[in-house]
Amino acid sequence: MTKFRKLNRPTGHRMSMLRTMVSQLVKHERIETTVAKAKEVRRLADNMVQLGKEGTLCAARRAGAFVRGDDAIHKLFTELAYRYKDRAGGYTRMLRTRIRVGDAAPMAYIEFIDRENELRQAKPPTPPPPQRPTVDPWTRSRLTRQYAPPKEEKISDSDS
C-alpha cells in the first residue's frame, strides 16, 4: 500500500478532510492550503481525473465513493475529462504563496492546469525526438565496428 502523509490527524479525520478538499478543488478549480496538504490533494485529484477520463461505470462508482457531491462527479466525467483527454498526467499545479501568520505554516495554491484565469501558464509540451531509420543488427554491427590502426614497429638502437 502506498505511503500517505499522516498530517497529524486520525485516519477518519484525515480521509474526510482530503475527500472534502478534492471535492472543493474539482468544484472551484483552485484552493489555498498548506504545502503538505496540497501535495496529498494533488495525488488524489490526479487519480480522480484519471478515473474521469476512463469514463466507465466502474470508474464512476469509484470516483463517487471518494468525491463528495453529484455536481463534482459530473464535472469530473464531462468537463475535466474532455479538457485533459490528450494529457498523460500532471493535471494539477502547486504554487507556494506565503507563510501563514498564526503558525508560520507554508501555504500554497493548488489548481488545475489549462484553465481560464490560472496563476501561471502551462509549459508547452516537449516535441518528441526525431525518428531514426531502423537498421538491421548485422549492418549496425558492421557500422559500429572500430578498427585499430596498424601497429608501428619500434626501432631500437641497442640491436645494431
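The rules behind these values
Residues numbered from 1 in each chain as written. Predicted model: local features only at pLDDT ≥ 70, side-chain atom pairs only at ≥ 80, totals over all residues. Heavy atoms only, no water. Buried < 20%, exposed > 50% of the residue type's maximum accessible area, 1.4 Å probe, protein only. Helix = DSSP H or I, 4+ residues; strand = E, 2+ residues; numbered from the N terminus. Pairing = 2+ DSSP bridges. Axes fitted to C-alpha atoms, helices over the stretch in contact; angles between N-to-C directions. Contact = heavy atoms within 4.5 Å. Polar contact = N/O pair within 3.5 Å; in protein donor to acceptor, adjacent residues only side chain to side chain. Expected span 1.5 Å × (residues − 1). Bend = angle between axes of the 7 residues up to and from the residue. Salt bridge = Lys/Arg side-chain N within 4 Å of Asp/Glu carboxyl O.

Participant: Help me understand the pairing of strand S3 (residues 106-112), please; the structure alone is not making it clear to me.
Facilitator: A regular strand places its side chains so that they alternate between the two faces of the sheet. Of all 7 residues in S3, 5 are buried, a share of seventy percent or more. Examined bridge by bridge, strand S1 (residues 30-34) and S3 share 5 bridges and lie antiparallel to one another. Paired with glutamate 32 across the strands is tyrosine 109, a residue of S3. Taken together, the 6 bridges between strand S2 (residues 92-99) and S3 define a ladder with antiparallel strand orientation.

Participant: Is there a simple way to think about the sheet that holds S2 in this case?
Facilitator: The strands that make up a sheet are held in pairs by hydrogen bonds between backbone atoms, and each pair lies either parallel or antiparallel. Sheet architecture is open: 3 strands sit in the order S1-S3-S2, paired in antiparallel fashion. Both outer strands of the open sheet, S1 and S2, are each paired with one neighbouring strand and no more. Put simply, the sheet's adjacent strands are angled 25° from each other on average, direction ignored. This element, helix H2 (residues 35-54), spans S1, S2 and S3 of the sheet and lies at about 165° to S2.

Participant: Hey, could you run me through the side chain of threonine 92 in this one?
Facilitator: Its location among the elements puts threonine 92 in strand S2. A distance of 3.2 Å separates the side chain of threonine 92 from the side chain of aspartate 46, its partner in a polar contact. Residues in contact with threonine 92, not counting those within four places in the same chain, are Leu25, Arg42, Ala45, Asp46, Ile110, Glu111, Phe112 and Ile113.

Participant: What exactly am I supposed to notice about helix H4 (residues 70-83) here?
Facilitator: Given 3.6 residues per turn, any residue in an α-helix points the same way as the ones three and four places further on. The end-to-end C-alpha separation of H4 is 19 Å, in line with the 20 Å expected for 14 residues at 1.5 Å each. Leucine 76 marks the point of greatest bend in H4, at about 40°. Of all the residues in H4, the buried ones are Ala72, Ile73, Lys75, Leu76, Leu80 and Ala81. Packed against the buried residues of H4 are helix H1 (11-28), H2, helix H3 (57-64) and S3.

Participant: Mind showing me how you'd approach the pattern of salt bridges here?
Facilitator: Between side chains of opposite charge, a pair can form when the charged atoms approach closely. Evaluated as defined, the whole model comprises 10 salt bridges. In this structure, the salt-bridge partner of glutamate 111 is arginine 30, at a minimum N-O distance of 3.2 Å. Taken together, the residues span a long stretch of sequence, with glutamate 111 in strand S3 and arginine 30 in strand S1 at a distance of 81 residues. When its relative accessible area of 26% is taken as the criterion, arginine 30 is described as partly exposed. Note that glutamate 40 is salt-bridged to arginine 43, the shortest N-O span being 3.5 Å. Separated by 3 residues within a single helix, glutamate 40 and arginine 43 lie in helix H2, roughly one turn from each other. On the basis of relative accessible area, arginine 43 is assigned to the partly exposed category, the value being 31%. Several salt bridges converge on common partners, so that one network encompasses Glu29, Lys75, Glu79 and Arg83.

Participant: Can you walk me through the side chain of lysine 75 in this structure?
Facilitator: Looking at the secondary structure, you find lysine 75 in helix H4. Owing to a relative accessible area of 16%, lysine 75 belongs among the buried residues under this scheme. Looking at lysine 75, its side chain comes within polar contact range of the main-chain oxygen of valine 26, at 3.1 Å. Lysine 75 has contacts with Val26, Lys27, Glu29 and Leu80, leaving out every residue within four places of it along the chain.

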